[in-house]
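# Results of the structural survey
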Protein chains: 2
Amino acid sequence: MSPAPDFEHLMRAAGLRVTRPRLAVLAAVHAHPHADTDSILGIARARIGEVSHQAVYDVLRALTSAGLVRRIEPAGSVARYEARVGDNHHHVVCRSCGVIADVDCAVAYTPCLTASDDHGFEIDEAEVVYWGRCPDCAGASPSAAVSN
Amino acid sequence: MSPAPDFEHLMRAAGLRVTRPRLAVLAAVHAHPHADTDSILGIARARIGEVSHQAVYDVLRALTSAGLVRRIEPAGSVARYEARVGDNHHHVVCRSCGVIADVDCAVAYTPCLTASDDHGFEIDEAEVVYWGRCPDCAGASPSAAVSN
DNA sequence: CGGACATCTTGACTCATTCCAGAAAAGGAC
DNA sequence: GTCCTTTTCTGGAATGAGTCAAGATGTCCG
């Protein structure tokens, strides 16, 4: 993954104050895509020592609304965050283990933004989630076989 | 939508025992698409008097796994249920008021099931959520999104 | 350097959903 | 119709992500 973007500069450009908790959280999200809040809290603490969970929630919200991170929330899962923003990509989620992988949009340009009937809504985003089973889970028990 | 399907027969066909709470919940979901669990509880109680919230949760789970209702869970919202199952349709969600509307898939046949790169996943479903603003909210404040 | 204001800390709290264990009811067999 | 087994319902408590509030602290700007 990308070594280490200039997080500090990114934040300033977004009009955010630069603080230790924010740098730690942003770095954590970059280093661990699709991590949940609790994991991020752990990673951030490993980096800078003490950080309150409230601070992490606040920071994640600030970074999200600033567009530096993106929040994803697959059904049945807690909120997760990723640093890939701006590009148009979606996700594949494993029904068994919950692992998430990125998938570039098949249509490339704001894809499915074309709903067959938009009911008068002003649509600004189409979120696609592919559900299935990851290679590991599919291999582990295609139906009932237990090989190891 | 169909006036009043034979709920009892539907349940028996699905191998479920027919109980008063189940009939009430299934009827409630049919009558109020996209209702959340609490609303369904209220509607069910209005129909048959007392029902425990636990019963409603259990019934909804049973109906969901039997394929009689579908559970949808837009990010930032509680679980909601709808009775339209089997057909391939997606949803539009209003960012301001949270209202949900059905949208038939633009591609009609298991649409976006074609991910550009499936990472080896065995994909069995593509869920699409269109985010935007409903006619009412868009009209109320065209530019500034003022959720609350 | 110092003030003003955003951000972090602490700790309690909300709320959807789930877990538990006993009581009750539905379905099926005879 | 009656009895038995299985499944469901009740009521209460627990879980856990996420939020609220108030005061302490740190950042940024002049």
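Our structure's up above, just so we're on the same page.
A short tour of the structure in this document, coming up.

### A look at the interface of chain B and chain A
- Contact residues are listed per partner, giving 38 residues for chain B and 37 residues for chain A.
- Carbon and sulfur atoms supply 55% of the area buried between chain B and chain A, which totals about 2,900 Å² over both sides.
- Of all residues in chain B, the largest losses of buried area upon contact with chain A belong to Phe121, Glu127 and Tyr130 of chain B, amounting jointly to 20% of the total for that side.
- Where chain B touches chain A, the interface holds four salt bridges.
- Inspection of the chain B/chain A interface yields 18 residue pairs in polar contact (both at pLDDT 80 or more).
- Secondary structure elements with two or more residues in the side of chain B that touches chain A: β4 (89–94), β5 (100–104), β6 (122–133) and α5 (135–140) of chain B.
- Across the side of chain B that touches chain A, the residue classes break down as 22 nonpolar, six polar and ten charged.
- As defined by bridge partners, strand β6 (residues 122–133) of chain A adjoins β6 of chain B across eleven bridges and the pair is classed as antiparallel. The residue bridging Glu125 of chain A from the neighbouring strand is Trp131 of chain B, located in β6 of chain B.

### Re the protein's contact with DNA strand C
- The environment of DNA strand C is made up of 19 residues, and the closest members are Thr19, Ser52 and Ala55 of chain A together with Gln54 and Tyr57 of chain B.
- Protein-proximal atoms of DNA strand C, defined as those within 4 Å of the protein, fall in sugar or phosphate at a share of 64%.
- Here a sugar or linking oxygen of DNA strand C and a side-chain polar atom of Arg17 of chain A are 3.3 Å apart.
- One of the backbone nitrogen or oxygen atoms of Val18 of chain B is found 3.2 Å away from a phosphate oxygen of DNA strand C.
- Looking at the surface near DNA strand C, the elements that each hand over two or more residues are α2 (20–31) and α4 (53–66) of chain A together with α4 (53–65) of chain B.
- Across the surface near DNA strand C, the residue classes break down as eight nonpolar, six polar and five charged.

### What about unusual backbone geometry?
- Look at His34 of chain A: it is not a glycine, yet its phi comes out positive at around 70 degrees.
- With respect to the helices and strands, the residue His34 of chain A is situated in the loop between α2 and β1 (35–36).

### So, the side chain of Arg22 of chain A
Residues and elements named next belong to chain A.
- With respect to the helices and strands, Arg22 occurs in helix α2.
- No salt bridge is formed by the buried Arg22; its nearest oppositely charged neighbour, Asp58, is found at 7.9 Å.
- Only 3.0 Å separates the side chain of Arg22 from the backbone oxygen of Arg17, close enough to count as a polar contact.
- Excluding residues that lie within four positions of it along the chain, Arg22 makes contacts with Met11, Leu16, Arg17, Val59 and Ala62.

### Some remarks on the sheet that holds strand β5 (residues 100–104) of chain A
- Reading across from one edge, β5(A)-β4(A)-β6(A)-β6(B)-β4(B)-β5(B) is the order of the six strands in this open sheet, with mixed pairing throughout. Edge strands, defined here as strands with exactly one partner in the open sheet, are β5 of chain A together with β5 of chain B. On average, each strand axis in the sheet is inclined to that of its neighbour by 30 degrees, with strand direction left out of account.
- Pairing of strand β4 (residues 89–94) of chain A with β5 of chain A, which is carried by five bridges, proceeds in the antiparallel orientation. Residue pairing in the sheet places Val92 of chain A in a bridge with Ala101 of chain A of β5 of chain A.

### Examining α4 of chain B
Residues and elements named next belong to chain B.
- Over its 13 residues, α4 extends 18 Å from the first C-alpha to the last, a length consistent with the 18 Å expected when each residue adds 1.5 Å.
- Those residues of α4 that sit buried are Val56, Val59, Leu60, Ala62 and Leu63. Along the axis of α4, the buried positions cluster into a sector of 165 degrees, meaning they face one direction only. The exposed set on the far side of α4, more than 90 degrees from its buried face, consists of Arg61 and Ser65.
- Lining the buried residues of α4 we find α1 (7–13), α2 (20–31), α3 (37–48) and β3 (80–82).

### So, the packing of α3 of chain B against α4 of chain B
Residues and elements named next belong to chain B.
- Two numbers describe how α3 lies on α4: the axes approach to 10 Å, and their chain directions differ by 110 degrees. Taken as axis vectors, α3 and α4 run roughly perpendicular relative to one another. The two elements α3 and α4 meet at a crossing, and its hand is right-handed. Taking contact as the criterion, the partners of Thr37, Ile40, Leu41 and Arg45 in α3 are, on α4, His53, Val56, Tyr57 and Leu60.
- Of the residues belonging to the contact of α3 with α4, the class tally is five nonpolar, two polar and one charged.

### Topic: a negative patch on the surface
- On the surface, Asp87 and Asp104 of chain A together with Asp117 and Asp118 of chain B cluster together to form a negatively charged patch.
- Tracing the backbone shows Asp87 of chain A in the loop between β3 (80–82) and β4.

What counts, and at which threshold
- Residues numbered from 1 in each chain as written.
- Chains lettered and ligands numbered in written order.
- Predicted model: local features only at pLDDT ≥ 70, side-chain atom pairs only at ≥ 80, totals over all residues.
- Heavy atoms only, no water.
- Contact = heavy atoms within 4.5 Å.
- Buried area = accessible area lost by both parts, 1.4 Å probe.
- Salt bridge = Lys/Arg side-chain N within 4 Å of Asp/Glu carboxyl O.
- Polar contact = N/O pair within 3.5 Å; in protein donor to acceptor, adjacent residues only side chain to side chain.
- Helix = DSSP H or I, 4+ residues; strand = E, 2+ residues; numbered from the N terminus.
- Nonpolar A, V, L, I, M, F, W, Y, C, P; charged D, E, K, R; others polar.
- Pairing = 2+ DSSP bridges.
- Near = heavy atom within 4 Å.
- Buried < 20%, exposed > 50% of the residue type's maximum accessible area, 1.4 Å probe, protein only.
- Lys, Arg positive; Asp, Glu negative; His and termini not counted.
- Axes fitted to C-alpha atoms, helices over the stretch in contact; angles between N-to-C directions.
- Expected span 1.5 Å × (residues − 1).
- Arc of directions from axis to C-beta.
- Parallel < 35°, antiparallel > 145°, perpendicular 65-115°, else oblique.
- Left-handed = near helix turned anticlockwise from the far one by under 90°.
- Patch = residues over 30% accessible without salt bridge, like charges linked within 9 Å, V, L, I, M, F, W, Y side chains within 5 Å.
- Areas by Shrake-Rupley, 256 points an atom, 1.4 Å probe, with all protein chains shown as cover.
- Charge placed at Lys NZ, Arg CZ, Asp CG, Glu CD.

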